[in-house]
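# Observations on chain architecture
The residues making up each chain are set out below.
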Amino acid sequence: MDFSKFGKNLSDFGAQITPFASRTFQFTKEQFGQTDDKLPADYIDLEKKVDALKQAHQKMLNVTQQYSNEAYDYPPNVKETFQDLGRTVSEKVSLLSSATSTAEAQAALVAPPSAKPQPKTFSHAIARASLASSQTLHQNHTGAGEDPLATALEKYALSMERVGEARLAQDSQIQSRFLAGWNTTLNTNIMFATRARKNVEKSRLSLDAVKAHAKGTTFKLGQGAAPAGQEEPELSPEAQEEIEKAEDEFVTQTEEAVGVMKNVLDTPEPLRNLSELINAQIEYHKKASEILAELAPIVEQLQTEQEANYRKSREEAA
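Residues numbered from 1 in each chain as written. Predicted model: local features only at pLDDT ≥ 70, side-chain atom pairs only at ≥ 80, totals over all residues. Heavy atoms only, no water.

As a further point, take the overall build of the chain. For the chain, the helix and strand inventory stands at nine helices and zero strands. Each helix and strand of the chain, ordered N terminal to C terminal, gives the series α-α-α-α-α-α-α-α-α. The burial tally for the chain puts 34% of its 318 residues in the buried class. Across the chain, the fraction of contacts at a sequence separation of at least 24, relative to all contacts at a separation of at least 6, is 85%. (Helix = DSSP H or I, 4+ residues; strand = E, 2+ residues; numbered from the N terminus. Buried < 20%, exposed > 50% of the residue type's maximum accessible area, 1.4 Å probe, protein only. Contact = heavy atoms within 4.5 Å.)

Take the side chain of R204 next. For R204, the position within the fold is in helix α7 (residues 148-215). Here the side chain of R204 touches E201 through a polar contact of 2.9 Å, side chain to side chain. (Polar contact = N/O pair within 3.5 Å; in protein donor to acceptor, adjacent residues only side chain to side chain.)

For the rest of this paragraph, the subject is the packing of aromatic side chains. With the rule as written, the count across this model stands at two aromatic pairs. When the centroid spacing of 5.6 Å and the interplanar angle of 80° are considered together, the rings of Y67 and Y72 count as edge-to-face. When the ring of F178 is compared with that of W182, the centres are 5.0 Å apart and the planes differ by 35°; the resulting orientation is tilted. With F178 and W182 both in helix α7, this residue pair falls four residues apart, about one helical turn. This pair shows no difference in class: F178 is buried, exactly as W182 is. (Phe/Tyr/Trp six-rings, centres within 6.5 Å; stacked < 30°, edge-to-face > 60°.)

The next subject is helix α9 (residues 269-317). An α-helix turns once per 3.6 residues; consequently, residues spaced three or four apart project the same way. End to end, α9 covers 71 Å across 49 residues, agreeing with the expected 72 Å (1.5 Å per residue, within 8%). Turning to α9, its buried residues are P270, N273, L277, A280, Y284, A288, I291, L295 and L302. In the core, the buried residues of α9 are packed alongside α3 (41-64) and α7. (Expected span 1.5 Å × (residues − 1).)

A surface patch of negative charge is lined by E238, E241, E242, E244, D248 and E249. Position of E244 among the secondary structure elements: in helix α8 (residues 237-266). (Patch = residues over 30% accessible without salt bridge, like charges linked within 9 Å, V, L, I, M, F, W, Y side chains within 5 Å. Areas by Shrake-Rupley, 256 points an atom, 1.4 Å probe, with all protein chains shown as cover. Salt bridge = Lys/Arg side-chain N within 4 Å of Asp/Glu carboxyl O. Lys, Arg positive; Asp, Glu negative; His and termini not counted. Charge placed at Lys NZ, Arg CZ, Asp CG, Glu CD.)

Grouped together as the largest cluster of nonpolar side chains are 26 residues, with contacts concentrated most on I174 and M261. Within the residue set of this core, elements represented by two or more residues are α3, α7, α8 and α9. If you tally residues by element for this core, the top one is α7, at eleven residues. Sequence-distant contacts of I174, defined by excluding residues within four places in its chain, comprise Y67, L179, L277, A280 and Q281. Core analysis: the second largest hydrophobic core is formed by eleven residues, A127, L131, M160 and I291 among them. (Core = buried A, V, L, I, M, F, W, Y, C linked by side-chain atoms within 4.5 Å.)

Attention now moves to α7. The end-to-end C-alpha separation of α7 is 95 Å, in line with the 100 Å expected for 68 residues at 1.5 Å each. At Q175, α7 shows its strongest bend, of approximately 40°. (Bend = angle between axes of the 7 residues up to and from the residue.)

To continue, consider the pattern of salt bridges. If you walk through the whole model with that rule in mind, you get eleven salt bridges. Of the charged contacts, one joins R272 and E269 as a salt bridge, the two residues approaching to 2.0 Å between their closest N and O atoms. One end of the pair, R272, and the other, E269, are both in helix α9, three residues apart, so they sit about a helical turn from each other. Overall, E269 belongs to the partly exposed group, its relative accessible area being 34%.

Another aspect to go through is the packing of helix α6 (residues 122-139) against α7. A pair of packed helices is captured by two measures, namely the crossing angle of their axes and the spacing between those axes. It is at 7 Å that the axes of α6 and α7 come closest, and there the two elements cross at 165°. As the angle between them shows, α6 and α7 are arranged roughly antiparallel. α6 and α7 meet at a crossing whose hand is left-handed. Here the contact of α6 with α7 is built from residues that sort into twelve nonpolar, eight polar and three charged. (Axes fitted to C-alpha atoms, helices over the stretch in contact; angles between N-to-C directions. Parallel < 35°, antiparallel > 145°, perpendicular 65-115°, else oblique. Left-handed = near helix turned anticlockwise from the far one by under 90°. Nonpolar A, V, L, I, M, F, W, Y, C, P; charged D, E, K, R; others polar.)

The contact between α3 and α8 brings their axes to 10 Å, and the two run at 40°. Judged by the inter-axis angle, α3 sits oblique to α8. In this structure, the crossing between α3 and α8 has a hand that is left-handed. Between α3, through Y43, L46, E47, K49, V50 and L53, and α8, the contact on the second element is made entirely by T254, A257, V258, M261, K262, V264 and L265. For the contact of α3 with α8, the per-class residue count stands at nine nonpolar, one polar and three charged.

In structure tokens:
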């Protein structure tokens, strides 16, 4: 192939193509290191920082988005029926306390047809399993008084339901105070910065294309920079005006992009949102700790009494 003719044909084509195609042509030149206008190092640094911020948001949201899924900690091996989910543990305990027969007790555990399903969280599942276990022990208890384990399981069920409700309250706070903010930053603020950067790239390639057209130069495969000392062709007033217009547009778009990127990087919202996430987690774990701390001495007392009765029965048997 005659590459000299190929280069001439490419030059003739470059002088006639549309602005969009010209920018594409200029992008091809860039891949071979022949562009004239380079972005400042500070601008490149801002782009890298915005990209890093975007990646951080995407990684965090990929995980924390689970707070929008009620059943994120619900055991996959647990199989609960509509009846199991029909009433809250508190409602069931209240009904069971007034039951006077096994049939009434069983009815208390069955959901009414119009009942709204209860939350499917790990804590709620533990609560329901604990209450069901308690009821099974109660129904098969034949000794004097109440079965201490059944009593403890019932109280544990009530406590775990409260823990589950605290978890749901945490999730609601995280959704509104963290996820909403970080999604806005990612899908709005960072998106605006991305759009501004594209405008800069577009105006930069356009400027290079205008310069190349005005100087009558085009990209040629395998051709490097112009030889040192070679004089630049004299530009017509019209060509100079066209270049200055393209330069002004490039500067305007660059300044706008710098402002947008700095605003994205400097805003305190992501850190404020992260603080809200932490506070919601603290509040939940504190509440859960308080609930279980209230329960622990009650169960320990039941355990102590059972051990004392056990030792007494062994002594009497001896």
